[in-house]
Amino acid sequence: MCGHGRGRTGGEGQMDLILMILAGTAAVLTVRAAAAQEGALRAAVNGVLGLFALLAVNLSSAHTGIHLGFNLFNGLTAGILGVPGVILLILVQWVLT
């Protein structure tokens, strides 16, 4: 059977996750560099990046064991504070558990 129908192994899934994280990091750095000049645009980009960071934490929860729910408090914290807000949410969850 020429190898058809074989499933993925665990290592390939981890490599995909690493590549997604690297691509996301490159995109974040590019957008932040472009938005560094404008005040309102910078705040909007910071909020969007915070929400994407919240999404990334939830997508990687199977590998990391960290899960932050999508609710009003977490969304506002990530949207207003950006990536540091997501880090703050992770630290608060760690302290409370």
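Residues numbered from 1 in each chain as written. Predicted model: local features only at pLDDT ≥ 70, side-chain atom pairs only at ≥ 80, totals over all residues. Heavy atoms only, no water.

> Honestly, a nonpolar patch on the surface in this entry has me stumped. Any pointers?
Nonpolar side chains collect at one region of the surface, where Leu-72, Leu-76, Ile-80, Leu-81, Ile-87, Leu-88, Leu-91, Val-92, Trp-94, Val-95 and Leu-96 lie side by side and expose about 1,200 Å² of accessible area between them. Secondary-structure elements contributing two or more residues to the nonpolar patch are helix 4 (72-81) and helix 5 (83-96). At seven residues, helix 5 tops the list of elements feeding residues into the nonpolar patch. Within the element layout of this structure, Val-92 appears in helix 5. For Val-92, a relative accessible area of 41% corresponds to the partly exposed category. (Patch = residues over 30% accessible without salt bridge, like charges linked within 9 Å, V, L, I, M, F, W, Y side chains within 5 Å. Areas by Shrake-Rupley, 256 points an atom, 1.4 Å probe, with all protein chains shown as cover. Salt bridge = Lys/Arg side-chain N within 4 Å of Asp/Glu carboxyl O. Helix = DSSP H or I, 4+ residues; strand = E, 2+ residues; numbered from the N terminus. Buried < 20%, exposed > 50% of the residue type's maximum accessible area, 1.4 Å probe, protein only.)

> It is not clear to me how the layout of surface pockets should be interpreted in this structure. Could you clarify?
Empty space among the atoms becomes apparent when a probe as large as a water molecule is rolled across them. Empty space within the largest pocket amounts to approximately 680 Å³. Surrounding the largest pocket, 22 residues form its lining, Ile-21, Phe-52, Ala-53, Ala-56 and Val-57 being those nearest its centre. Here the lining of the largest pocket gets eight residues from one element, more than from any other, and that element is helix 1 (residues 10-35). A class-by-class count of the residues in the lining of the largest pocket yields 18 nonpolar, four polar and no charged. (1 Å grid on protein atoms, 1.4 Å probe; cavity = no way out; pocket = protein on both sides within 12 Å on 5 of 7 lines; lining within 4 Å. Points joined across faces, edges and corners; volume = space filled by probe spheres on them. Nonpolar A, V, L, I, M, F, W, Y, C, P; charged D, E, K, R; others polar.)

> Would you take a moment to explain the side chain of Ser-60 for this structure?
Structurally, the position occupied by Ser-60 is in the loop between helix 2 (39-59) and helix 3 (61-64). Reaching out from Ser-60, the side chain makes a polar contact with the backbone oxygen of Val-57 at a distance of 3.2 Å. (Polar contact = N/O pair within 3.5 Å; in protein donor to acceptor, adjacent residues only side chain to side chain.)

> I'm lost on the nonpolar core in this one. Help?
One recurring pattern in soluble globular proteins is that nonpolar side chains are buried together. With seven residues, the main nonpolar core is built from Ala-53, Leu-54, Val-57, Leu-68, Ala-78, Val-86 and Leu-89. Elements represented by at least two residues in this core include exactly helix 2 and helix 5. With three residues, the top contributor of residues to this core is helix 2. Setting aside anything within four residues of it in sequence, one finds Leu-68 in contact with Leu-54, Val-57, Asn-58, Asn-74, Val-86, Leu-89, Ile-90 and Gln-93. (Core = buried A, V, L, I, M, F, W, Y, C linked by side-chain atoms within 4.5 Å. Contact = heavy atoms within 4.5 Å.)

> What exactly am I supposed to notice about the environment of Met-20 here?
Within the element layout of this structure, Met-20 appears in helix 1. Between the C-alpha atoms of Met-20 and Ala-56, which are 36 residues apart in sequence, the distance is 9.5 Å.

> Just checking my understanding: could you explain helix 4 for this structure?
Three- or four-residue spacings in an α-helix give side chains the same orientation, since the helix completes a turn every 3.6 residues. Those residues of helix 4 that sit buried are Asn-74, Thr-77 and Ala-78. End-on view of helix 4: buried residues confined to an arc of 90 degrees, all on one side of the axis. In helix 4, the exposed positions that point more than 90 degrees away from the buried face belong to Leu-72 and Ile-80. Measuring from the backbone nitrogen of Phe-73 back to the side-chain oxygen at the start of helix 4 gives 3.3 Å, which picks out Asn-71 as the cap. Positive phi appears at Gly-82, one or two residues downstream of helix 4, with a value of about 80 degrees. (Arc of directions from axis to C-beta.)

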